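Chain by chain, the residues:
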Amino acid sequence: MAPLDLTRSDRPFGEALTALVREVEDDAFLSRRGLKIRTFAEMLEGVSAATLAAAVSGASAPNPHLLAECARFLRVRPEYFREARAAELRAA
């Protein structure tokens, strides 16, 4: 399998986040079913497990704060996530 591109992902937020966690963090945040939402949300300032779960499942779009917190914790730029790049284009 090719290494993950840590500069950008074109996957939906939930898939991109899970793949990034799998690549750069230990298994404390992953189960066989995917991302441990509550455990991961505890690492993010001002982000509830419910907000994270809705964004990961696709039930709601990730807000800018969520994208920034995930990027901060995982040591990538927010633009790693396609939703952040799309928001920048809409704002331009």
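Residues numbered from 1 in each chain as written. Predicted model: local features only at pLDDT ≥ 70, side-chain atom pairs only at ≥ 80, totals over all residues. Heavy atoms only, no water.

### Quick look at the nonpolar core
If you look at the biggest cluster of nonpolar residues, it comprises 25 residues, and the most contacted ones within it are Phe-13, Leu-17, Phe-40, Leu-52 and Phe-81. Residue assignment for this core shows that the elements contributing at least two residues are helix H1 (13–24), helix H2 (37–41), helix H3 (49–57) and helix H4 (64–74). Looking at which element gives the most residues to this core, the answer is H4, with 6 residues. Once you skip the residues sitting within four places of it in the chain, Phe-81 turns out to touch Ser-9, Phe-13, Ala-16, Leu-17, Leu-20, Leu-67, Cys-70 and Ala-71. (Core = buried A, V, L, I, M, F, W, Y, C linked by side-chain atoms within 4.5 Å. Buried < 20%, exposed > 50% of the residue type's maximum accessible area, 1.4 Å probe, protein only. Helix = DSSP H or I, 4+ residues; strand = E, 2+ residues; numbered from the N terminus. Contact = heavy atoms within 4.5 Å.)

### Structural notes on the pattern of salt bridges
Applying the stated rule across the entire model yields 6 salt bridges. Between Asp-10 and Arg-8 there is a salt bridge, with its nearest N and O atoms 3.2 Å apart. A salt bridge links Glu-25 to Arg-75; the nearest nitrogen and oxygen atoms lie 3.4 Å apart. Of the two residues, Glu-25 is situated in the loop between H1 and strand S1 (30–31) and Arg-75 in the loop between H4 and helix H5 (82–91); the sequence distance between them amounts to 50 residues. On the accessibility criterion, Glu-25 (18% relative accessible area) is buried. With a relative accessible area of 57%, Arg-75 lands in the exposed category. Because the salt bridges share partners, they merge into one network encompassing Arg-8, Asp-10 and Arg-85. (Salt bridge = Lys/Arg side-chain N within 4 Å of Asp/Glu carboxyl O.)

### Considerations on H4
Every buried residue of H4 is accounted for by Leu-66, Leu-67, Glu-69, Cys-70, Ala-71, Phe-73 and Leu-74. At its buried positions, H4 is contacted by H1, H2, H3 and H5. For H4, the N-terminal cap is Asn-63; the gap from its side-chain oxygen to the backbone nitrogen of His-65 is 3.0 Å. (Polar contact = N/O pair within 3.5 Å; in protein donor to acceptor, adjacent residues only side chain to side chain.)

### Topic: the packing of H1 against H4
As a packed pair, H1 and H4 sit with axes 11 Å apart at the nearest point and diverge in direction by 15°. Of the possible angle classes, the one that applies to H1 and H4 is roughly parallel. Regarding H1 and H4, the two cross each other, and that crossing is left-handed. Along the contact surface, H1 presents Phe-13, Leu-17, Leu-20, Val-21 and Val-24, while H4 presents Leu-66, Leu-67, Cys-70 and Leu-74. Of the residues in the contact of H1 with H4, the class split is 9 nonpolar, no polar and no charged. (Axes fitted to C-alpha atoms, helices over the stretch in contact; angles between N-to-C directions. Parallel < 35°, antiparallel > 145°, perpendicular 65-115°, else oblique. Left-handed = near helix turned anticlockwise from the far one by under 90°. Nonpolar A, V, L, I, M, F, W, Y, C, P; charged D, E, K, R; others polar.)

### Considering the side chain of Ser-9
Mapped onto the fold, Ser-9 is located in the segment before H1. Residue Ser-9 is classed as buried on the basis of its relative accessible area, which comes to 8%. Of note is the side chain of Ser-9, whose polar atom sits 3.1 Å from the backbone nitrogen of Arg-11. Not counting residues up to four positions away in its chain, the partners in contact with Ser-9 are Ala-16, Tyr-80, Phe-81, Arg-82 and Arg-85.

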